[in-house]
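# A closer look at the structure
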Amino acid sequence: MGIHDFMAAYKRVWEGQDKHGFAALFVDGGRYWNTPFQVQTGAEELAAYWARIELQRDIALTYEVLAETPNGGIAHWHVSYQVASEELFRIWAASTGTGLPDRKPGDPLPRLTLDGLLKAEFAPDGRAEEVRIWWHSIADMP
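Residues numbered from 1 in each chain as written. Predicted model: local features only at pLDDT ≥ 70, side-chain atom pairs only at ≥ 80, totals over all residues. Heavy atoms only, no water.

## A short note on unusual backbone geometry
Of note, the phi angle at glutamine 17 is positive, near 50°, even though the residue is not glycine. For glutamine 17, the position within the fold is in the loop between helix H1 (3-15) and helix H2 (19-23). The class of glutamine 17 is partly exposed, set by a relative accessible area of 28%. One non-glycine residue, aspartate 58, lies in the positive phi region at around 50°. (Helix = DSSP H or I, 4+ residues; strand = E, 2+ residues; numbered from the N terminus. Buried < 20%, exposed > 50% of the residue type's maximum accessible area, 1.4 Å probe, protein only.)

## Re the sheet that holds strand S1 (residues 26-35)
Across the sheet, six strands lie side by side as S2-S1-S6-S5-S4-S3; this open sheet has mixed pairing. Taken across any chain shown, the strands that pair with only one partner, and hence form the sheet edges, are strand S2 (38-41) and strand S3 (56-69). Pairwise comparison of adjacent strand axes, ignoring direction, gives a mean angle of 20° for this sheet. As judged from the four bridges shared by S1 and S2, these two strands associate in the antiparallel manner. Within the sheet, the bridge partner assigned to threonine 35 lies in S2 and is glutamine 38. H1 contacts S1, S3, strand S4 (72-83), strand S5 (111-122) and strand S6 (128-140) of the sheet and is inclined by roughly 170° relative to S3. Relative to S1, helix H3 (residues 42-50) is tilted by about 40°, and along the sheet it contacts S1 and S2. (Pairing = 2+ DSSP bridges. Axes fitted to C-alpha atoms, helices over the stretch in contact; angles between N-to-C directions. Contact = heavy atoms within 4.5 Å.)

## Focus: the packing of aromatic side chains
In this structure the tally under the stated criterion is 15 aromatic pairs. Ring centres of phenylalanine 6 and tyrosine 10 lie 5.8 Å apart, and the angle between their planes is 25°; on these two criteria the pair is classed as stacked. Separated by four residues within a single helix, phenylalanine 6 and tyrosine 10 lie in helix H1, roughly one turn from each other. By relative accessible area, phenylalanine 6 is classed as buried at 0%. Tyrosine 10 gets classed as buried once you look at its relative accessible area, which sits at 0%. Taken together, a centroid distance of 5.2 Å and an interplanar angle of 70° make the contact between tryptophan 14 and tryptophan 50 edge-to-face. Pair noted here: tryptophan 14 is in helix H1 and tryptophan 50 is in helix H3, with a separation of 36 residues, a long-range link. By relative accessible area, tryptophan 14 is classed as buried at 6%. Overall, the relative accessible area of 3% leaves tryptophan 50 in the buried class. Site record: aromatic cluster; members linked through ring pairs are Phe6, Tyr10, Trp14, Phe22, Phe26, Tyr32, Tyr49, Trp50, Trp77 and Phe122. Its end group placed over the ring of tryptophan 33, arginine 132 keeps NZ or CZ at 4.2 Å from the ring centre. (Phe/Tyr/Trp six-rings, centres within 6.5 Å; stacked < 30°, edge-to-face > 60°. Lys NZ or Arg CZ within 6 Å of the ring centre and 35° of its normal.)

Read these as spatial facts, not as claims about activity.
Here it is as structure tokens:
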């Protein structure tokens, strides 16, 4: 699997909310850096981290491969989704470092848009050894 196949699979598992499919994209002991300071390693941690996608609805991901090497590549990705739980909204707010935007109890949850880069390195069998993402996000507050 090269970066083109990986990104097609990344789109499929994110839009399909498939945490086990996400983990299967990696070798045993594969690493996913969702921020420069937080890494998930191995199938169990990868699936547990990716479980948060179960709190998203109406997911739409697009991407463009920017560079490809024999064992890796870089892609620009863009995803939007409807936040489906207060828990996910709190996770997002904490990850941005901005705190929770002003909302009243019962206010609708926002749609989030994330824009980022992904750098991947692949093992000889085509599965990912290491994936690093860098992203920013914005909430469309109703």
